[in-house]
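Report on the structure
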Amino acid sequence: MKILVVEDEKKIASFIRMGLEAEGFVVDVSRHGDEGYTLATTRPYDALVLDIMLPGRDGLSILKNLRLKGNPVPVILLSARSEPHERVEGLNLGADDYLVKPFYIEELVARLHVVTRRGGGTGASTLEVGDLTVDLLTREVTRGGQVIVLTAREFQLLEHLARNPGRVLTRAQICERVWDYDFDPGTNLVDVYIQRLRRKIDVADAPSVIETIRGVGYRMRKGS
Ligand code: CA
């Protein structure tokens, strides 16, 4: 999952980045409200973590403008203890949750899991594609009831594919979402990981769950 953090306090920003990266999130950090707003409107994120007081555009203004544009991205606000009115206003403007500083990184991780599930529309914490299930909370993957052990990166790749069943994803899109590269690095990184994933999740005598779309990328078979 890719998260944008807009926080001007350097220490807090790096504490959040390290904490979220350790949990397998891909993190972009911006320390200025105007830049944060530009990123939020031009790049795809699974959730935003917005500080309220920022140089340039403040967190509430970013939130308000995103919602006015019909952007439904889940938003968690960070606020100082002295800002109760801003928190209420934030919730009224369409924030999904807030945290009062200081907070434990585990709190932010837990809330990100909740709001991104909600954002998924189904309210489910598991993705199911055919007899393959991906539990987003426990990070357990099973196929036909059989537990499959994946590395963190393999899990992220599978999660991204399973969130988009039937949709063709280009190598560049997969790189951007799973590895946070803005471009295809020209290696066969994606192909290597797809092969690794296939070896773990595919079963004998059945077509692969992940289809190769020649010259383009990959697609998770719907209901495979
Ligand atoms: Ca601030």
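Anything mentioned here points back to the structure above.
Residues numbered from 1 in each chain as written. Predicted model: local features only at pLDDT ≥ 70, side-chain atom pairs only at ≥ 80, totals over all residues. Heavy atoms only, no water.

1. Structural notes on the pairing of strand β5 (residues 97-100)
Where a strand is regular, its side chains alternate between the two sheet faces. Pairing analysis gives four bridges linking strand β4 (residues 75-79) to β5, with the strands arranged parallel. Each bridged residue has a counterpart across the sheet, and for L77 the counterpart in β5 is Y98. (Pairing = 2+ DSSP bridges. Helix = DSSP H or I, 4+ residues; strand = E, 2+ residues; numbered from the N terminus.)

2. Overview of the coordination of the calcium ion
At the metal site, the calcium ion is ligated by D8 (OD), D51 (OD) and M53 (O), and these contacts range over 2.1 to 2.4 Å. Of note, the calcium ion draws all its donor residues from one chain, in the sequence arrangement D-x42-D-x1-M. Relative accessible area serves as the criterion here: at 3%, D51 is assigned to the buried category. (Donors = N, O, S within 2.8 Å, 3.2 Å for Na, K, Ca; no water. Buried < 20%, exposed > 50% of the residue type's maximum accessible area, 1.4 Å probe, protein only.)

3. Quick word on the environment of S208
Inspection of the secondary structure puts S208 in the loop between α8 (189-201) and β11 (210-213). Residue classification places S208 among the buried residues on the basis of a relative accessible area of 17%. The spatial distance from the C-alpha of S208 to the C-alpha of A152 is 21 Å, given a sequence separation of 56 residues. Those residues in contact with S208 that lie beyond four places of it in its chain are R198, D202 and R221. A polar atom in the side chain of S208 sits 2.6 Å from the side chain of D202. (Contact = heavy atoms within 4.5 Å. Polar contact = N/O pair within 3.5 Å; in protein donor to acceptor, adjacent residues only side chain to side chain.)

4. Side note on the pattern of salt bridges
Overall, the coordinates contain 18 salt bridges when judged by the stated rule. For E159, the salt bridge is made with R163, and the minimal N-O distance between the two is 2.8 Å. Classification of E159 as buried rests on a relative accessible area of 6%. Through salt bridges with shared partners, one network takes in K2, D28, R43 and E176. (Salt bridge = Lys/Arg side-chain N within 4 Å of Asp/Glu carboxyl O.)

5. What to know about the side chain of E159
One can find E159 in helix α6 (residues 152-162). Among all residues touching E159, those that are not within four sequence positions of it are M1, L127 and L136.

6. Overview of unusual backbone geometry
Residue P102 follows K101 across a cis peptide bond; omega there is 0 degrees. Assignment of secondary structure puts P102 in the loop between β5 and α5 (105-119). One non-glycine residue, D205, adopts positive backbone phi at about 65 degrees.

7. As for the sheet that holds strand β2 (residues 26-30)
In spatial order, the strands read β2-β1-β3-β4-β5; together these five strands make up an open sheet with parallel pairing. Of all strands in the sheet, those bounded by a partner on one side alone are β2 and β5. Neighbouring strand axes in the sheet, compared pairwise and without regard to direction, differ in orientation by 20 degrees on average. The sheet strands contacting helix α2 (residues 33-42) are β1 (2-6), β2 and β3 (47-51), and the helix crosses β1 at an angle near 160 degrees. (Axes fitted to C-alpha atoms, helices over the stretch in contact; angles between N-to-C directions.)

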